[in-house]
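Results of the structural survey
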Amino acid sequence: MRIKVNGVIVSDDIADIYRYWGYQVACPSDIRNALAENPKDEELVIEINSGGGSVYAGFEMYSLIHTANVPTRVEVQSLAGSAASVIMAAADTVAISPVGQVMIHLPTTWTWGNQIDHKQSTQMLEAVTSSILTAYENKCKKKTSRDKLRRMMDNETFITANEALEYGLVDEIIGENNTVNYKNVINSAGGLPDIEKLREAYNKAKNIDVSSLDTSSNARARAIAIAEASLNLTII
């Protein structure tokens, strides 16, 4: 079975809104549904063409792939950037086009508040960075040190197919003899429009009366929206 992870990585609760207005996004449910539908013992192939997006949605997608009970293969056709590079690292096998690239960098967030709020954001970003490094380090299998990976993240590094193979971030280059010992754009370009404006237009288009929604689920959705608006945590 073959699926695509194209466009911006977003959480499940807003994916349908962006898709309704024609934006290309990918979310954890895409992976969850594919794993549920994938025939037993058949390899699940995940094509990646993405500059990244939400870090926590990316972490969820990584975890689903990493713990899948079927063989998994990622094929990077153009770019696996930022959060998409974390998703890439979860697969049993990672292949990349000769012209494909991997981009890794530090996570980003916005903070409003006093000095304590900013310190908390710094601590959170360091924790997120550590988790991202763990995904890369596990994939590289000691071909590249954690310290070197961190330096590349600090410098926002675009990695060619040959370099990604040398570092251990990918296992093969599509269509090439990978027994050779190789020596040797902004992320989420264009971004996405404000979700709250799209949500309002989406509800009107769908004739959804927000007040009539189930209280608990509505409260949860609002809580998620407030949390996302306050943290706006992405790796872009």
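Procedures and definitions
- Residues numbered from 1 in each chain as written.
- Predicted model: local features only at pLDDT ≥ 70, side-chain atom pairs only at ≥ 80, totals over all residues.
- Heavy atoms only, no water.
- Helix = DSSP H or I, 4+ residues; strand = E, 2+ residues; numbered from the N terminus.
- Contact = heavy atoms within 4.5 Å.
- Buried < 20%, exposed > 50% of the residue type's maximum accessible area, 1.4 Å probe, protein only.
- Pairing = 2+ DSSP bridges.

As recorded by an unreviewed UniProt entry, the protein chain carries the name ATP-dependent Clp protease proteolytic subunit and is attributed to Candidatus Butyricicoccus avistercoris.

**As for the side chain of Asn6**
Assignment of secondary structure puts Asn6 in strand β1 (residues 2-9). Beyond its immediate chain neighbours, meaning those up to four positions away, Asn6 contacts Gln24, Val25, Ala26, Glu47, Ile48 and Asn49.

**A word on the environment of Val10**
In this fold, Val10 is placed in the loop between β1 and α1 (12-20). According to the relative accessible area criterion, Val10 is buried, its value standing at 4%. Residues Val10 and Val25, 15 residues apart in the sequence, show an inter-C-alpha distance of 6.6 Å. When neighbours within four sequence positions are excluded, Val10 is seen to be in contact with Ala15, Tyr18, Val25, Ala26, Cys27, Pro28, Ser54, Ala57 and Leu192.

**Brief notes about the pairing of β1**
Most of β1 sits inside the fold, with six of its eight residues counted as buried. Pairing of β1 with strand β3 (residues 44-54) involves seven bridges; the strand directions are parallel. Its bridge partner being in β3, Arg2 is matched across the sheet by Val45. The pairing of β1 with strand β2 (residues 25-26) spans two bridges and is classified as parallel. Paired with Ile9 across the strands is Ala26, a residue of β2.

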